[in-house]
Amino acid sequence: MPDRRTKVAIFGFTQHNFFGPWADDSWELFGLNDLYHIFNAHDPKLLASGRVRWFQLHQEDAINGQAFATGARAPDHVRWLQQAPCPVYMWHPKPEYPTSVAYPLLQVLDAFPRRYFNNSISWQIALAILEGFQTIGLFGVDMALDGVHGESEYSWQRPSVEYFIGIAEGRGIEVVIPEESELLRCGYLYGWDNVSILRQKMLARLQQLDAQEVETVNQYEAVKRQLYEVRGAKQKTQWVLRNYMPGDGPVQD
């Protein structure tokens with residue numbers, strides 16, 4: 001095996017990261033943010049294997065006192081960074097993060113002057129291209145319109161990732177993307193097979209559901225009015241009993 005690996009797998013958080021080359025020593029692995037829990041789940045020794053590089057490409061939130069709050073959801077994130085067993089790329093390495101190294105920002109920007117970077121994955125792909133990897137795999141990276149956390153930031157970041165995928169493929173680099181990924185996917189070939197019977201059926205179904213929604217809302221509003229009327233009558237009856245016929249039971253005393 002060559003001294004320097006020629007393949008790198010870049011990992012994201014969606015479930016098809018399972019298909020990554022976790023046990024294949026010919027691949028280098030790029031992780032980010034608090035994804036180390038997934039790495040540990042595959043192999044507790046993996047992070048210290050020499051195959052892994054980490055990326056925490058967010059500024060520290062000095063104002064609110066929450067270091068790297070952006071890009072991480074695990075409460076142990078800062079503590080892990082302080083003890084990370086692999087190189088951690090940061091904008092500003094600090095002694096409190098002993099394995100932190102500086103991301104080569106100026107070199108990357110010089111190599112890609114378009115400067116179309118709006119997410120960590122794009123920075124990772126750019127570095128992989130710059131370092132001469134011959135194969136780049138993207139596992140667990142979707143950038144879907146509705147991400148793993150609901151309405152997602154990833155949707156507006158996705159074009160940047162696909163831009164750098166195009167640069168990589170344009171330079172003859174093999175890009176491996178699982179079929180389960182949303183990257184580089186479209187529902188039809190424009191102008192060729194964009195007349196979709198399934199889409200027509202789904203639109204008809206949507207119209208049906210819209211009508212059912214209107215009907216259900218009207219029924220709900222009618223029942224809600226009835227409920228208000230019953231509660232109003234109940235309050236009036238209670239007022240009469242309390243003020244004119246006080247007592248605890250059917251016998252007034």
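Structure shown above.
Keep in mind the model is a prediction, meaning the values are calculated, not measured.

## Thoughts on helix α4 (residues 120–130)
Working step 1: Across the eleven residues that make up α4, a large majority, ten, are buried.
Working step 2: Restricting attention to buried positions, one finds in α4 the residues S120, I121, S122, W123, Q124, I125, A126, L127, A128 and I129.
Working step 3: Capping the start of α4, N119 holds a side-chain oxygen 3.0 Å from the backbone nitrogen of I121, two or three residues further along.

## Concerning unusual backbone geometry
Working step 1: We note that N33 has phi near 50°; this positive angle belongs to a residue other than glycine.
Working step 2: Its location among the elements puts N33 in the loop between β2 (27–32) and α1 (36–42).
Working step 3: With a relative accessible area of 8%, N33 lands in the buried category.
Working step 4: With a phi close to 55°, L184 is a non-glycine residue in the positive phi region.
Working step 5: Among the secondary structure elements, L184 is positioned in the loop between β9 (174–176) and α6 (197–244).

## What about a nonpolar patch on the surface?
Working step 1: Where nonpolar side chains cluster on the molecular surface, the patch consists of W239, V240, L241, Y244 and M245 and spans about 510 Å² of accessible area.
Working step 2: In this structure, M245 sits in the segment after α6.

## Quick word on the packing of aromatic side chains
Working step 1: Inspection of every chain in the model, using the stated rule, returns 23 aromatic pairs.
Working step 2: Relative to W123, the ring of Y103 has its centre 5.4 Å away and its plane inclined at 75°; by these criteria the two rings are edge-to-face. Of this pair, Y103 sits in the loop between β5 (100–102) and α3 (105–111) while W123 is found in helix α4, placing the two residues 20 residues apart along the sequence. Taken as a pair, Y103 and W123 share a single burial class, namely buried.
Working step 3: Of the aromatic side chains, those joined through ring pairs into one cluster are F30, F55, Y89, W91, Y103, F112, Y116, F117, W123, F133, Y163 and F164.
Working step 4: In this arrangement the basic side chain of R4 is found over the ring face of F133, its NZ or CZ atom lying 4.7 Å from the centre.

Cut-offs used in this document
- Residues numbered from 1 in each chain as written.
- Predicted model: local features only at pLDDT ≥ 70, side-chain atom pairs only at ≥ 80, totals over all residues.
- Heavy atoms only, no water.
- Buried < 20%, exposed > 50% of the residue type's maximum accessible area, 1.4 Å probe, protein only.
- Helix = DSSP H or I, 4+ residues; strand = E, 2+ residues; numbered from the N terminus.
- Polar contact = N/O pair within 3.5 Å; in protein donor to acceptor, adjacent residues only side chain to side chain.
- Patch = residues over 30% accessible without salt bridge, like charges linked within 9 Å, V, L, I, M, F, W, Y side chains within 5 Å.
- Areas by Shrake-Rupley, 256 points an atom, 1.4 Å probe, with all protein chains shown as cover.
- Salt bridge = Lys/Arg side-chain N within 4 Å of Asp/Glu carboxyl O.
- Phe/Tyr/Trp six-rings, centres within 6.5 Å; stacked < 30°, edge-to-face > 60°.
- Lys NZ or Arg CZ within 6 Å of the ring centre and 35° of its normal.

Everything listed is a geometric property; what it means functionally is a separate question.
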